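Chain and residue survey
Chain by chain, the residues run as shown.
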Number of protein chains: 2
Amino acid sequence: MIILDGKKISSQIKEEIYSSVEKIKISGGKQPHLAAVIVGSDGASETYVAHKVKACEQVGFKSTVVRVNENADQKVLLEKIDEINDNNDIDGLIVQLPLPGHISEDTVIERIKVEKDVDGFHPINVGRLLIGQPGYVSATPYGIIELIKHYEIETSGKHCVILGRSNIVGKPMAVLMSRKGYPGDSTVTLCHSRTKNLEDWCRQADILIVAMGKAEFVTAGMVKEGAVVIDVGITRAPSEKTRSGWKLLGDVKYDEVAPKTSYITPVPGGVGPMTIVSLLNNTLKAAKKEIY
Amino acid sequence: MIILDGKKISSQIKEEIYSSVEKIKISGGKQPHLAAVIVGSDGASETYVAHKVKACEQVGFKSTVVRVNENADQKVLLEKIDEINDNNDIDGLIVQLPLPGHISEDTVIERIKVEKDVDGFHPINVGRLLIGQPGYVSATPYGIIELIKHYEIETSGKHCVILGRSNIVGKPMAVLMSRKGYPGDSTVTLCHSRTKNLEDWCRQADILIVAMGKAEFVTAGMVKEGAVVIDVGITRAPSEKTRSGWKLLGDVKYDEVAPKTSYITPVPGGVGPMTIVSLLNNTLKAAKKEIY
């Protein structure tokens, strides 16, 4: 059993990005620049954005945080986005989700210039993903694909079972794993809340990708000997064993499942760290104008 | 066994569209108007566009065919598209594919105003499909969904196996059958050229959608008793039995498979007629500004 060490791989990728930025600077180019928009002052959103800002610093990117009042009109937010869209110094633009109820996330996301949509949430980027054209792939699926590549996990002809049909993980992963080429060429079954005999599906998987948000849902009896297990779940659970009083749980019962697998992601330290690094990768691509 | 009679259903839908157009006219509204662009003089393209023009006439739409010389520069084609984009009388715009090799289909499709993209090929419409937002669904998948709805075929929790991962059939069908709601909520397995044990997958299907382009590939032994079989294939084969000297074959060996199924589409007269009607449906939606 090999642990898919997202922490290690993401550090390596950060170093590679840092080197790329150094090269850009040496050749007189502009420092890559990511702008993050926060609406309101949600604690979790603040934490996520702080992590992204820190990651930018680590790889030598410039970052800007733009704050919009929680009660601000949607129009105000859209104007801010237009401003950033028009600012030639900024390469990537993300709007931290969720947004307050009076604002339409769809409208906001479609307003982001597709060339700067490094979260890969704009329908054009999503559409290009489905039809196999170059575009920004959203961070979590991108991170999973990078992990698979780094460990050279075989995917062609494998049966990949995905649990969860969310827009940000399940659906794009189904697209990526079934597309032509590597990683891809898997036979993909997309499972969800209406799927019958979910446990049987899990047991059939050569590659099992779990993104349900149900702590420790997948048990040893649901996994085939030698399977690859990728756990996208993160649930905060109370714990008496940690000083903080809580711990992070994945969707997979790691201790009992891990021994049966060929490869498995831990939680934390698996998919999580890969996600933020993928945002950096997209921002670098935007700065280099690799896609648009 | 019930035959999914695309010919009959498409006629009914055409009558409904005709009534809608009459209502629009009576209330003083503008006649829906579809423009089709043909580049060069490919025989098959001419035939397809002629069918679409005829269908427009049947339902009371106005139609315009715009011809561009085969050797014309891509720029010329893009200018034509811009013209039609800007023409307020035209609701829907399709460019007949394939295009000559010196023209980028992707560039041409992205140039079509998304509001007029009634073929549903623009990445924004494809992306909206994947994330479950309203948009134009391309004609063949849309037609299949309409057939399923008309016959009230149960899809929730069913195992839907799709053979073929094309951009115009396999991938969008996988998205539609796995999405929330009806028709949808199926557990979808997307199979393709790299899939192992393809016959086993077929035998597991409650709903089998075949879009491979391999004449009579699916035989009776590959289909579960009581399955729903939807055949998207059309291959022209020589025949001594017909006056024309050829006949149309589907991807399914109809005569031997049909008796085992609960529902099956014939070829011709199944999915085919539904496709053109879906283009009309999209054009009506464009005229009514239902989506954008």
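**Concerning the relation of the copies chain B and chain A**
Mapping chain B onto chain A is achieved by rotating through 180° and translating by 0.0 Å along the same axis, at an RMSD of 0.0 Å. Each copy turns onto its partner about a two-fold axis. Among all residues of chain B, the one whose C-alpha sits closest to the rotation axis is Gly 127 of chain B, at a distance of 1.8 Å. Mapped onto chain A, 100% of the interface residues of chain B again fall at the interface, so both copies present the same surface.

**Comments concerning the domain arrangement of chain A**
Each assigned domain of chain A is listed with its residue range as follows: domain 1 (28-113) and domain 2 (139-271). Once you take the C-alpha centre of each, domain 1 of chain A and domain 2 of chain A turn out to be 29 Å apart.

**Observations regarding the sheet that holds strand 4 (residues 92-95) of chain B**
Strand-to-strand pairing in sheets goes through backbone hydrogen bonds, with the strands running parallel or antiparallel. Residue and element names in this part refer to chain B. Taken in spatial order, the 3 strands make up an open sheet running 3-2-4, and their pairing is parallel. The two strands at the open ends of the sheet, each matched to only one other strand, are strand 3 (62-68) and strand 4. Averaged over all neighbouring strand pairs, the angle between strand axes comes to 20°, with direction disregarded. Bridge analysis of strand 2 (residues 33-39) against strand 4 gives 4 bridges, and the strand direction is parallel. Looking at strand 4, one finds that Ala 35 is bridged to Leu 93. Packed onto the sheet, helix 2 (residues 43-59) meets strand 2 and strand 3 and runs at close to 170° relative to strand 2.

**What about the packing of helix 6 (residues 139-150) of chain B against helix 10 (residues 271-288) of chain B?**
Residue and element names in this part refer to chain B. Relative to each other, helix 6 and helix 10 sit at 105°, their axes nearing to 7 Å. Taken together, the axis directions place helix 6 and helix 10 in an arrangement best described as roughly perpendicular. Contacts between helix 6 and helix 10 involve Ala 139, Thr 140, Tyr 142, Gly 143, Ile 144, Glu 146 and Leu 147 from the first element and Val 271, Met 274, Thr 275, Val 277, Ser 278, Leu 279 and Asn 281 from the second. Residue classes in the contact of helix 6 with helix 10 are distributed as 8 nonpolar, 5 polar and 1 charged.

Cut-offs used in this document
Here the residue numbers are simple positions, counted from 1 along each chain's written sequence. Think of it this way: whatever chain is written first is A, whatever ligand is written first is 1, and the rest follow in order. Residue-level local features of this predicted model are given only where pLDDT is at least 70; pairs of side-chain atoms are given and counted only at 80 or more, and the full residue set underlies all totals for whole chains, interfaces and linings. Here the copies were fitted onto each other by least squares, based on C-alpha atoms from residues at pLDDT of at least 70 in both. With C-beta atoms placed from the backbone, a contact is any residue pair whose C-beta atoms sit within 7 Å. Source of the domain bounds: an automatic or database domain assignment. Between any two strands, pairing holds if DSSP finds at least two bridges. Each helix corresponds to a stretch of at least 4 residues labelled H or I by DSSP, and each strand to a stretch of at least 2 residues labelled E; elements are numbered beginning at the N terminus. Every angle, taken between N-to-C directions, lies between 0 and 180 degrees, and every axis is a line fitted to C-alpha atoms, over only the stretch in contact when it is a helix. Angles below 35 degrees are treated as roughly parallel, those above 145 as roughly antiparallel, those between 65 and 115 as roughly perpendicular, and all remaining angles as oblique. Each residue gets one label: Ala, Val, Leu, Ile, Met, Phe, Trp, Tyr, Cys and Pro are nonpolar, Asp, Glu, Lys and Arg are charged, and the others, such as Gly, are polar.

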